[in-house]
Amino acid sequence: MPQSSEQAASLLAAQALKETSPQQLPLPFADDEVTDEEEQLPLINRKLSLKQRRRIELPQLQVVHELPSPELGSVNSVNSAVTPETEAESAEQQRCHGLRRNSISLPSGINSLELEALRLRHQMQAQDALHEESQTESIVDITSASSVDTPIIKIVENKDTQAQDDDDSSDEFGNAKKPVYKDRFRSRRRASIAPLPALRLNSKEMLASDFDTQSLASNQASITSVNSLASLLREKMQAFPQLIRKKKRETKDYKIKIFVILMFFIIIFLIGYAYVAYHQQVLTRSYFEKIKFNSKDRILRILSHEDKEVIFGQLGVTLNSDSSPFHCLEDQRRNDGSVCIEWNGIARLHMNFEDKKVFRCYTMQWQALAPGVQPTDCYELKRDNGLWFGGGITKGQEWSLSYANFDFMPYASGDSKVHQFGNGVKRYFINSIGVALQVNERTPLQLGINRTENQFCLRAANDDFTFVNRLTPLPQLDYKICTTEDMRSLHMLMTQQSLWDGLKEQDISELHSLLEEPVWQIPTGTQADSLNESLIIDYAENAIALGLGHIVINEFWQENIGDFTVDNERFPTLKETIDVLHRRGFKVVFTIQPFISTDSANFKDAVSKKLLIYERHSERSIPALTRYKSCSSAGVLDITNNASVPWLLSKLENIMSTYGVNRFYLDLGTGYNLPHYYQCRQPLDNPDMYARMLTASLEQPGLMAVSTASVVPKPPTFLATPPANSTWSGLRETLAAVLNYGVIGYPFVLPGAIGGDYLLPRPLTKMVSFYSLGQPPLPDQELFIRWLQLATFLPAMQFSHLPAEFNSELVTSVAQTLKEVRQTVVIPLLKKYLSPSMNEGLPLVRPLWLLDPHDPACLIVSDEFSVGEELIVAPILDAGREEREVYLPQGVWKDGIDGSLRKGSRWMHSYRVPKDKIAYFRKMPDNTRF
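What you see is a predicted model; the values in this text were computed from it and never measured. (Residues numbered from 1 in each chain as written. Predicted model: local features only at pLDDT ≥ 70, side-chain atom pairs only at ≥ 80, totals over all residues. Heavy atoms only, no water.)

A. Quick look at the overall build of the chain. Assigned secondary structure in the chain consists of 22 helices and 41 strands. For the chain, the proportion of its 930 residues judged to be buried stands at 53%. If you take every contact in the chain between residues at least 6 apart in sequence, the share linking residues at least 24 apart comes to 71%. For the chain, the accessible surface area stands at approximately 42900 Å², while carbon and sulfur atoms represent 51% of it. (Helix = DSSP H or I, 4+ residues; strand = E, 2+ residues; numbered from the N terminus. Buried < 20%, exposed > 50% of the residue type's maximum accessible area, 1.4 Å probe, protein only. Contact = heavy atoms within 4.5 Å. Areas by Shrake-Rupley, 256 points an atom, 1.4 Å probe, with all protein chains shown as cover.)

B. Examining the packing of helix α13 (residues 533-543) against helix α14 (residues 574-584) more closely. Here α13 crosses α14 at 5 degrees, and the two axes come no closer than 10 Å. With respect to their mutual orientation, α13 and α14 come out roughly parallel. Residue-level inspection shows E533, I536, I537, A540 and E541 of α13 in contact with α14, the latter providing L574, T577, L581 and R584. Its residues assigned to classes, the contact of α13 with α14 shows 5 nonpolar, 1 polar and 3 charged. (Axes fitted to C-alpha atoms, helices over the stretch in contact; angles between N-to-C directions. Parallel < 35°, antiparallel > 145°, perpendicular 65-115°, else oblique. Nonpolar A, V, L, I, M, F, W, Y, C, P; charged D, E, K, R; others polar.)

C. Here's a closer look at the sheet that holds strand β38 (residues 892-895). The strand order β34-β35-β36-β41-β38-β39 describes an open sheet built from 6 strands, whose pairing is antiparallel. On the outer flanks of this sheet lie β34 (845-846) and β39 (901-903), each paired with one strand and no other. Across 3 bridges, the pairing between strand β35 (residues 865-867) and strand β36 (residues 871-874) is antiparallel. Bridging from a neighbouring strand, V867 pairs with L871 of β36. (Pairing = 2+ DSSP bridges.)

D. Representation of the pattern of salt bridges. Applying the stated criterion across every chain yields a total of 26 salt bridges. For K417, the salt bridge is made with E733, and the minimal N-O distance between the two is 3.4 Å. With K417 in the loop between β15 (406-410) and β16 (428-431) and E733 in helix α18 (residues 728-743), this residue pair connects regions lying 316 residues apart in the sequence. Between D898 and R902 there is a salt bridge whose closest N-O contact spans 3.7 Å. According to the relative accessible area criterion, D898 is exposed, its value standing at 51%. (Salt bridge = Lys/Arg side-chain N within 4 Å of Asp/Glu carboxyl O.)

E. Representation of the sheet that holds strand β26 (residues 625-628) within the structure. Strand order in this open sheet of 3 strands is β24-β27-β26, and the pairing throughout is antiparallel. Two strands close off the open sheet at either side, each with one partner strand: β24 (595-597) and β26. The sheet shows a mean angle of 55 degrees between the axes of neighbouring strands, direction not considered. As judged from the 3 bridges shared by β26 and strand β27 (residues 631-636), these two strands associate in the antiparallel manner.

F. Structural context of the pairing of strand β13 (residues 376-380). Burial of β13 is extensive: 4 of the 5 residues sit out of reach of the surface. Bridge count between strand β8 (residues 309-314) and β13: 2 bridges; the pairing is antiparallel. If you follow Q314 over to β13, its bridge partner there is C378. Strand direction decides the pairing type here: β13 and strand β19 (residues 455-460), joined by 5 bridges, are antiparallel. Across the sheet, residue C378 finds its bridge partner in β19, namely C457.

G. Up close: the side chain of H801. Relative to the elements of secondary structure, H801 occurs in the loop between β33 (798-799) and α20 (809-832). There is a polar contact of 2.6 Å between the side chain of H801 and the backbone oxygen of P776. Within the structure, the side chain of H801 is placed 3.2 Å from the backbone oxygen of P777, a separation counted as a polar contact. If we skip the residues at most four places from it in the chain, H801 touches P776, P777, L778, P779 and F784. (Polar contact = N/O pair within 3.5 Å; in protein donor to acceptor, adjacent residues only side chain to side chain.)

H. Structural detail: the packing of aromatic side chains. Enumeration over the complete set of coordinates arrives at 24 aromatic pairs. In this structure an aromatic cluster arises from ring pairing among W388, F406, Y411, F421, F429 and F456. Here the guanidinium or amino end of R459 rests over the ring plane of F408, the centre of that ring lying 3.8 Å away. (Phe/Tyr/Trp six-rings, centres within 6.5 Å; stacked < 30°, edge-to-face > 60°. Lys NZ or Arg CZ within 6 Å of the ring centre and 35° of its normal.)

I. Looking closely at the environment of E533. Here E533 lies in helix α13. For the pair E533 and T577, spaced 44 residues apart in the sequence, the C-alpha separation amounts to 7.3 Å. Not counting chain neighbours up to four residues away, the residues in contact with E533 comprise R570, F571, P572, T573, L574 and T577. A polar side-chain atom of E533 sits 3.2 Å from the main-chain amide nitrogen of L574.

Structure representation (structure tokens):
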């Protein structure tokens, strides 16, 4: 049955070909032009596109049934074998697939055998092509007539593109229908994806484009027989796989070229990236924990616990950038776990790590290996890296080191009006984000801050005065960097030291008296004859109205500086005068110094016993001379000589036993008061080493205060602030000095005299030292009141001029009110926080950021301070002002002026402060409600 159906279909196709004129026969592939867009599509998508276009452009051909015609002749006999079942099956198969095919008219005169042979030959060629290209076979539906008579095929145009029947897959008897697969005569034409490059037509070869243009005109001439049609189909079917393979080869070559080009650029990129990564990443090693160092560029980064960069800097900025580092040789390495990197013949760097659980410390030590090399490390001063504090006060009196701007200067104590640094120094610096830096005392340290480049730099360099002794053949830079969570905890850990060791009960009592009672400094001129006994008695009688305290008599109790004996001409009954002061409750303090005037009898004695500092390279034969205050020529005791300290102590003990002096005020001047070409028996690390050794040697007789320090003196010794000018700028400088000295670890600070220590209406262009100036005349009344208000909340109060000298009820009233505030509010707090200061090194008077280090506003506020953690003070520091901006940290605060409650963590704008008041706020318990 299937074979009969195929024969019937062949006969029907032959009959249709016979009746169709040549003009009706479409040329194979004539309509299948491939556009440029379709050429770029994949093979499958291209076929689908062509099929869709054909369905849109070509009219649908429909098979209609007509009555049999006697003209068909033998065709009717062949079709007699076609049964109704075959017809129904073909019709049903056509409805299942919903496909329509264009009919083909064949020429007449062909018998069934030839047609069958042609079909078989074409089917074999199509199967070979299908196997090569792995393409989907096409299904051709053949329609049959609904009657038993032979159907007649006729071409009509069908413009309806919708499927004719449903998807029923069974016949009318319920039997499942099998799909009928027909030959690929037309399906290969539909599967074409591009016009052929060339065709052979009637022994003539032409391009596909020529073929397309001439196809309509040459239909009748080119297709005249079945043989010519079969030959044309065979050639096209043979050329089609070759075209596909050629396209594939061309596409493959094109992709290979693109792939090679891409691989070339990828390799170039990887080589460049590897080069950069090697120098920036591979060379940046993680030494120890949380520290990264690039030995080539010498870039250092230290990370916090949260892996956030807390400090960034470049080490060895003076080294030649072209020099390559390498690990030190075995004999140069240490056994302490440090890393050693060397730049051949230039410098050597040792890095070490110390984990103290609470905080981590990294030690950096540079060693110069050639003359002229000055190891220098610079760290960024950018705002997002925090603010730097510490180091004491500078010449510009900046609140933070990040605001300073000066070239490299030797780090040593001096007069902050003349030299770069003040009288209190300490090689300790702290950053607001929790980084502290501490420099070794043996390092010839030079400090430079350049705001234009935002750099905070440390340098090791010898000179002819400060670091003339050259403790090492070549300079070494040795310092330590420590990090922790915040600056408050770090400051406590870095400055923590017990000041209780060796203290006696008498020392504790003396410390309390300095906190509770004022210091009275008798005002005098610049000459010795300006001080006498009557001046002392009169001053004490006027001072007793404000309370008892320590009466300080300056160096003019001697005839000459360095006599260490009382001038009997001016003080014939000084012993009786001191006894009177003791009975009234005062304590007497004499000012002493290590300088011996050349006019003093002790100078000759000291020279003969070789107790003085000698000129350098003089073989200890010529004493080195210097200038000290009113004394234009003086020698200096050699503190490194073992005989000098006993000699001085014997003099001081004699004074104390004869006159009943309670303590001494040690006026060391500054480091620059030493002779320029000084030479001691034992080399000093730096000039500040002299003040440190002398202060420690005089603990036995007892010191009330020292004028210069590089380490915290043993309590009850205070560090005095530098002399302040009797102006509003001097008032601001006094507050800055107290806060800065507290930051670097000096908890007990003695501020200058209320109203100023000297008066210079205009700054001088050149002078030796402000320490040589005498005390000022009576200052301005408003300035004195504001200065008195500030001093009320400081660790100690020092008077020179008394409030009674103004003959003003306002001044007297303000003084009495502030006396009560200090007695009832300030002193209890100072005593409360005395123990934490002794144990942890925290100052009594603190900047606001020590209360809340995470509050950005506390970092920038420089004109407020706290007493302990419970009192905020906001003084007026400018003339004519009676209002100011006030910032309160978090918490609830009670206003000291009107008693109202204030909420913290906010600013108070235009806060009213009358002339007779000072703004202060006491902290209330956390559960306080408004």
